[in-house]
Amino acid sequence: MRAAFWQLRTRRLALGRRPLLMGVLNVTPDSFSDGGQFLEPQAAVDHAWRLAAEGADILDIGGESTRPYAQPVPAQEELRRVMPVLEALAGRLSIPISIDTYKAAVARQALDAGAEIINDITALRGDPAMVPLAVQSGAAVCLMHMQGTPQTMQENPQYEDVVGEVYEFLRRRRDAALAAGIPLERIAVDPGIGFGKQLEHNLALLQNAWRLHALGCPVLVGPSRKRFIGQVLGDSEADRRYGTVGAALALARQGVQILRVHDVAMVRQALMVFEAAGGLDPIPLGAPPAGPT
Ligand code: HH2
């Protein structure tokens, strides 16, 4: 059931026991945790190299913040932000590049410049030209769940059964992608932590991420530095990198194949030690310690 690889445009990513890391590069003035830090193309390019050196397996480049209440950015502006960075990296960086956009005009130019993955927070619903582009280009796609839009999603989001509803949504979006001609092996699914969810919804999705393996696609989750961490701690000012590590370990234990994170070195170190210390092994609860009989 658990997908063992993700087919990208020109290569295949093997998905083992330990999750791969998708490093986040936000070329925006207003992203919630790192807005403005990498708006200068050279700062963004430098950060991309740093993420790769820290062990990122994928680089996810975005030119529009989708934090709650963020205003949409015209495609021209998004392109102006991301293309110089993509052009400086493509063909040089050895790890595959993903473009975090729901606009086909942005994805098209990014793919032309060498990107391999369309990371679409609208699960290919945001722009009618996105599905044909994904089919024709052979790009891999990440389909993410969101209730509402970034402008409305945090206005009292409601679910009867958040895990079941997110699963059903991703199943329907997967089936729509398949029907349009995107092969299963190119599709990843993502429960969309923080996108139209309250604390209880985010926690239920984190606890039940393993259920998404039944969709037959790699599972990608983005808990990095998100608000639920401060809510768990009861401290909105806390340094959320540590909580991100906690979420990453919980997701690794459930076999989640890809984690989208800002702090690649920190999460990678935690995952490597977690694996070495048996954190990914089944726990033989109740078994007596081995010893002389
Ligand atoms: N989260 C964000 C953006 N893109 N893509 C996927 N597939 N999954 C996510 O959870 C996800 C995502 C939001 O985080 P960030 O990019 O750091 O912030 P902003 O949208 O403010 O740029």
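First things first, this report covers the structure right here in the doc. (Residues numbered from 1 in each chain as written. Predicted model: local features only at pLDDT ≥ 70, side-chain atom pairs only at ≥ 80, totals over all residues. Heavy atoms only, no water.)

1. Overview of empty space enclosed by the protein
Okay, so step 1: Summed over all chains, the structure comprises 1 cavity of 30 Å³ or more.
Okay, so step 2: What the largest cavity holds in volume is close to 50 Å³.
Okay, so step 3: Val-163, Val-166, Tyr-167, Leu-205, Asn-208, Ala-209, Arg-211 and Leu-212 together form the lining of the largest cavity.
Okay, so step 4: Residue contributions to the lining of the largest cavity peak at 3 residues, all from helix α5 (residues 162-180). (1 Å grid on protein atoms, 1.4 Å probe; cavity = no way out; pocket = protein on both sides within 12 Å on 5 of 7 lines; lining within 4 Å. Points joined across faces, edges and corners; volume = space filled by probe spheres on them. Helix = DSSP H or I, 4+ residues; strand = E, 2+ residues; numbered from the N terminus.)

2. Structural notes on the site of the ligand
Okay, so step 1: Residues in contact with the ligand amount to 18 residues; listed here are only the nearest, Ser-31, Ser-65, Asp-190, Lys-226 and His-262.
Okay, so step 2: A distance of 2.7 Å separates an oxygen atom of the ligand from a polar side-chain atom of Lys-226.
Okay, so step 3: Note that an oxygen atom of the ligand is positioned 2.7 Å from one of the side-chain N or O atoms of His-262.
Okay, so step 4: A total of 490 Å² of accessible area belongs to the ligand in isolation, and the protein chains cover 99% of it.
Okay, so step 5: Judged by the proximity of its atoms to the pocket grid, the ligand belongs to the largest pocket.
Okay, so step 6: The class makeup of the residues in the shell around the ligand is 6 nonpolar, 7 polar and 5 charged. (Near = heavy atom within 4 Å. Polar contact = N/O pair within 3.5 Å; in protein donor to acceptor, adjacent residues only side chain to side chain. Areas by Shrake-Rupley, 256 points an atom, 1.4 Å probe, with all protein chains shown as cover. Sits in = over half its atoms within 2 Å of the grid points. Nonpolar A, V, L, I, M, F, W, Y, C, P; charged D, E, K, R; others polar.)

3. Points about the sheet that holds strand β10 (residues 258-261)
Okay, so step 1: Here we have 8 strands laid out as an open sheet, ordered β8-β7-β6-β5-β4-β3-β10-β9, and parallel in their pairing. In the strand order of this sheet, the two ends are held by β8 (187-190) and β9 (220-221), each with one partner.
Okay, so step 2: Bridge count between strand β3 (residues 20-26) and β10: 4 bridges; the pairing is parallel. From the neighbouring strand, Met-22 faces β10, where its bridge partner is Arg-260.
Okay, so step 3: Sheet strands in contact with helix α9 (residues 264-276) are β3 and β10, and its direction is about 165° off that of β3. (Pairing = 2+ DSSP bridges. Contact = heavy atoms within 4.5 Å. Axes fitted to C-alpha atoms, helices over the stretch in contact; angles between N-to-C directions.)

4. Re the pattern of salt bridges
Should the charged atoms of two oppositely charged side chains come close, the side chains can pair.
Okay, so step 1: Here the structure, examined in full by the defined rule, presents 16 salt bridges.
Okay, so step 2: Between Asp-60 and Arg-260 there is a salt bridge, and its shortest N-O distance comes to 2.9 Å. Highlighted residues: Asp-60 in strand β4 (residues 58-62) and Arg-260 in strand β10, separated in sequence by 200 residues.
Okay, so step 3: Assessed through its relative accessible area of 14%, Arg-260 is described here as buried.
Okay, so step 4: Several salt bridges converge on common partners, so that one network encompasses Arg-17, Arg-18, Glu-275 and Asp-281. (Salt bridge = Lys/Arg side-chain N within 4 Å of Asp/Glu carboxyl O. Buried < 20%, exposed > 50% of the residue type's maximum accessible area, 1.4 Å probe, protein only.)

5. What to know about the layout of surface pockets
Okay, so step 1: The computed volume of the largest pocket comes to approximately 540 Å³.
Okay, so step 2: Phe-32, Arg-67, Ile-193, Phe-195 and Lys-226 are, among the 35 residues lining the largest pocket, the residues nearest its centre.
Okay, so step 3: Elements with a contribution of two residues or more to the lining of the largest pocket: β3, α6 (199-207) and α7 (227-233).
Okay, so step 4: With 3 residues, the top contributor of residues to the lining of the largest pocket is α7.
Okay, so step 5: Classifying every residue of the lining of the largest pocket by side-chain character gives 11 nonpolar, 15 polar and 9 charged.
Okay, so step 6: The calculated volume of the second largest pocket comes to roughly 220 Å³.
Okay, so step 7: Around the second largest pocket, the lining comprises 14 residues; the ones closest to its centre are Leu-203, Leu-206, Phe-228, Gly-246 and Ala-247.

6. Observations concerning helix α4 (residues 130-137)
Okay, so step 1: Within α4 the residues assigned to the buried category are Met-130, Leu-133, Ala-134 and Ser-137. Down the axis of α4, the buried set is contained in an arc of 100°. They therefore lie on one face.
Okay, so step 2: In the segment just after α4, Gly-138 is the residue with positive phi, at about 75°. (Arc of directions from axis to C-beta.)

7. Remarks on the packing of helix α3 (residues 104-112) against α4
Okay, so step 1: At a minimum axis separation of 9 Å, α3 and α4 run at an interaxial angle of 15°. With respect to their mutual orientation, α3 and α4 come out roughly parallel. Here the hand of the crossing between α3 and α4 comes out left-handed. Mapping the contact onto sequence places Ala-104, Ala-107, Arg-108 and Leu-111 in α3 and Met-130, Leu-133 and Ser-137 in α4.
Okay, so step 2: Residues of the contact of α3 with α4, tallied by class, amount to 5 nonpolar, 1 polar and 1 charged. (Parallel < 35°, antiparallel > 145°, perpendicular 65-115°, else oblique. Left-handed = near helix turned anticlockwise from the far one by under 90°.)

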